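Structure at a glance
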Amino acid sequence: MKFLLTTDTDFREKFDKLVNRSDMDMSHVMPVVSGILNDVKKEGDRALFEQISKFDRWNPDESNFKINPMDMQNAYDDIDDSLRAALNLAYERIKAYHEKSIPTTWTQRDSVDVLLGAKYTPIDRAGLYIPGGKAAYPSSLLMNAIPAIVAGVKEIVVCTPAVEGKVNKLLLAAMHVCGIKEAFKVGGASAVAAMAYGTNLIKKVDVITGPGNIYVATAKKLAYGDVNIDMIAGPSEIGVIADESANARHIAIDMLSQAEHDELASAFLITPNQAFATKVQEHINEELKSLERREIAGASIKNKSAIIVAKDINECVSLMNELAVEHLEIATNNAFEIMENITHAGAIFSGHFTPEAMGDYLAGPNHTLPTGGSARFYSPLGVENFMKKTSIISVGSKGISELGLACMRLAEAEGLTAHKRSVEVRYNEIKGSCL
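Description of the structure in this document. Worth saying up front: this structure is predicted, and the values here are computed from it rather than measured. (Residues numbered from 1 in each chain as written. Predicted model: local features only at pLDDT ≥ 70, side-chain atom pairs only at ≥ 80, totals over all residues. Heavy atoms only, no water.)

As for the overall build of the protein
The test is simple: The numbering of helices and of strands both runs from the N terminus, where a helix is a DSSP run of H or I of at least 4 residues and a strand a run of E of at least 2. Only protein chains enter the accessibility calculation, which uses a 1.4 Å probe; a residue whose area is less than 20% of its type maximum is buried, one above 50% is exposed, and one in between is partly exposed. By definition in these notes, contact holds between two residues if any of their heavy atoms fall within 4.5 Å. Using a 1.4 Å probe, the Shrake-Rupley method yields the accessible areas, and only the shown protein chains count as cover for residues. Positive charges come from Lys and Arg, negative ones from Asp and Glu, while His and the chain ends are left out of the count. Working definition for charges: the position is that of NZ of Lys, CZ of Arg, CG of Asp or CD of Glu.
Helix and strand counts for the protein come out as 17 helices and 14 strands. Dimensions of the protein along its principal axes, counting C-alpha atoms only, are 90 × 60 × 45 Å. Taken over 435 residues, the protein has a buried fraction of 47%. Once local pairs closer than 6 in sequence are excluded, the contacts in the protein between residues at least 24 apart make up 76%. Accessible surface, the protein: about 21,200 Å² in total, of which carbon and sulfur atoms supply 50%. A gap of 5 Å separates the mean positions of the 45 positive and 56 negative side-chain charges of the protein.

Quick word on helix α8 (residues 188–197)
Across the 10 residues of α8, 9 count as buried, placing the element largely inside the fold. Looking at α8, one finds that the buried residues are Gly188, Ala189, Ser190, Ala191, Val192, Ala193, Ala194, Met195 and Ala196. Looking at the buried residues of α8, the elements they touch are α2 (30–43), α3 (45–56), β4 (125–129), β5 (155–160), β7 (207–209) and α9 (214–223). Gly198 sits one or two positions beyond α8 and adopts a positive phi of about 85 degrees.

Notes on the pattern of salt bridges
We count it as follows: The term salt bridge refers to a pairing of a side-chain nitrogen on Lys or Arg with a carboxyl oxygen on Asp or Glu at a separation within 4 Å.
Tallied over the entire structure, the rule returns 18 salt bridges. A salt bridge links Arg46 to Glu43, with the shortest nitrogen-to-oxygen separation between them at 3.2 Å. Take Glu43: its relative accessible area is 39%, and that puts it in the partly exposed class. Here Lys220 ties to Asp230 by a salt bridge, and the two come within 2.7 Å at their closest N and O atoms. With Lys220 in helix α9 and Asp230 in the loop between β8 (228–229) and β9 (237–242), the pair connects residues that are 10 residues apart, well separated along the chain. A relative accessible area of 3% means that Lys220 is categorised as buried. Residue Asp230 is classed as buried on the basis of its relative accessible area of 7%. It is possible to trace a salt-bridge network through shared partners that takes in Arg125, Glu155, Glu182 and Lys203.

Here we look at the sheet that holds β5
Here is the rule: Should DSSP find at least two bridges between two strands, the strands are taken to pair. Throughout, an axis means a line fitted to C-alpha atoms (over the contacting stretch in the case of helices), and angles, computed between N-to-C directions, take values from 0 to 180 degrees.
Spatial ordering of the open sheet is given by β6-β5-β4-β7-β8, a layout of 5 strands whose pairing is parallel. In this open sheet, the two edge strands, each paired with only one partner strand, are β6 (182–185) and β8. Summarising the sheet, β5 and β6 pair through 4 bridges and their orientation is parallel. Its bridge partner being in β6, Val157 is matched across the sheet by Glu182. Strands in contact with helix α6 (residues 138–151) are β4, β5 and β7; relative to β5, the strand with the most contacts, it is inclined by about 165 degrees.

Digging into the packing of helix α4 (residues 69–78) against helix α7 (residues 169–177)
To keep it simple, the criterion reads: Roughly parallel here means an angle under 35 degrees, roughly antiparallel means over 145, roughly perpendicular means 65 to 115, and every remaining angle is called oblique. Each residue receives one of three labels: charged for Asp, Glu, Lys and Arg, nonpolar for Ala, Val, Leu, Ile, Met, Phe, Trp, Tyr, Cys and Pro, and polar for the others, Gly being one of them.
With their axes 7 Å apart at the nearest point, α4 and α7 run at an angle of 110 degrees to one another. The orientation of α4 with respect to α7, classified from their angle, is roughly perpendicular. Across the interface between the two elements, Asp71, Met72, Gln73, Ala75, Tyr76 and Asp78 from α4 touch Lys169, Leu172, Ala173, Met175, His176 and Val177 from α7. Of the residues belonging to the contact of α4 with α7, the class tally is 7 nonpolar, 2 polar and 3 charged.

Re a nonpolar patch on the surface
Spelled out, the test is: Each patch is built from salt-bridge-free residues with over 30% relative accessible area, joining like charges within 9 Å and nonpolar side chains (Val, Leu, Ile, Met, Phe, Trp, Tyr) within 5 Å.
A surface patch of nonpolar side chains, about 380 Å² in accessible area, is lined by Trp106, Leu116, Ile393 and Val395. Mapped onto the elements of the fold, Ile393 is located in strand β14 (residues 387–394). Overall, Ile393 belongs to the exposed group, its relative accessible area being 63%.

Below is the structure:
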């Protein structure tokens, strides 16, 4: 993997390429995705079925396209007791965390007796996209469904690809845990199109959340505006700030935990200790040999990852803030002190015994996180993604008296006569009644 020293003369050039890793060239898939979206708009379920037959190697119809809730129940009953307990534990922990972040409706009157506030209400219908490509991700179902449930969304629909018509049993079990009643065997851009525009079998949704490949990401980008989305997510990534107090093998395995997701995933270590960096690199090479997905992880480590040796811990923090990674581990004895200076990260995992995988499954916070440096402006998926805020304004006679002239002056300056008059008629009535 890339081994960089900040003292190298070409360091900045190489590091900037890592910072700009999010450059996702959608141009080559845009025509295909645009065509799929238009086909589904025009032809609805017929277009969906054609796409499924083409890409997933089975022939759906109205009788087998929708996932039967009894199949979810049966899958839940059939899985191992310990796995069932783990699913339920994850559900409860994730739900408890998200319940702490429910926005609260509020109102208050200001000094001129104007009542202001904000009302929060759940959206009516949410669409969850759950990948089913290189691996099945029941955890993604939990992380997308639970905040929608906590927000109070009335209707939740799940779309997931089903190669040869088969859905992963653990994913079905997770659907049962979340009480999903509406789920369909469709993936890719077709699923996004169906949820964004609606078909006879899949009603249009208000928001689409969930990760996916470049076709899914492109479809979400094109559909945005017709429907809300969570974010445009890219390949998974991890960044680690560690010093000699960390366990080099632990760090190596943690980096591989993201590398095994995808050949395009990234893993970054920034450390002030070159000897420690070398140990981590050695452990990565050794641990790779025993991974089931070693070819995928190996490609990620070789092509998309890097170990960086900085001059001190402050430079480590500065560089990591530039990378703005999805997952950030801080493996030092003063992890919480360092965390105070982190300004850009999707999620922070603080301390020597906090592997990123805990956050993936059951720590509580959401694992749907901004990637590719978008942690500079995106937040993790949460309850607020499934709610909308409505402003509340109530102006009385005192408010018109105190604020009316200024409001009229601004409307006049913009040349909006009716705006000005709508305030002026009330202002004059109030002033006239005071004579």
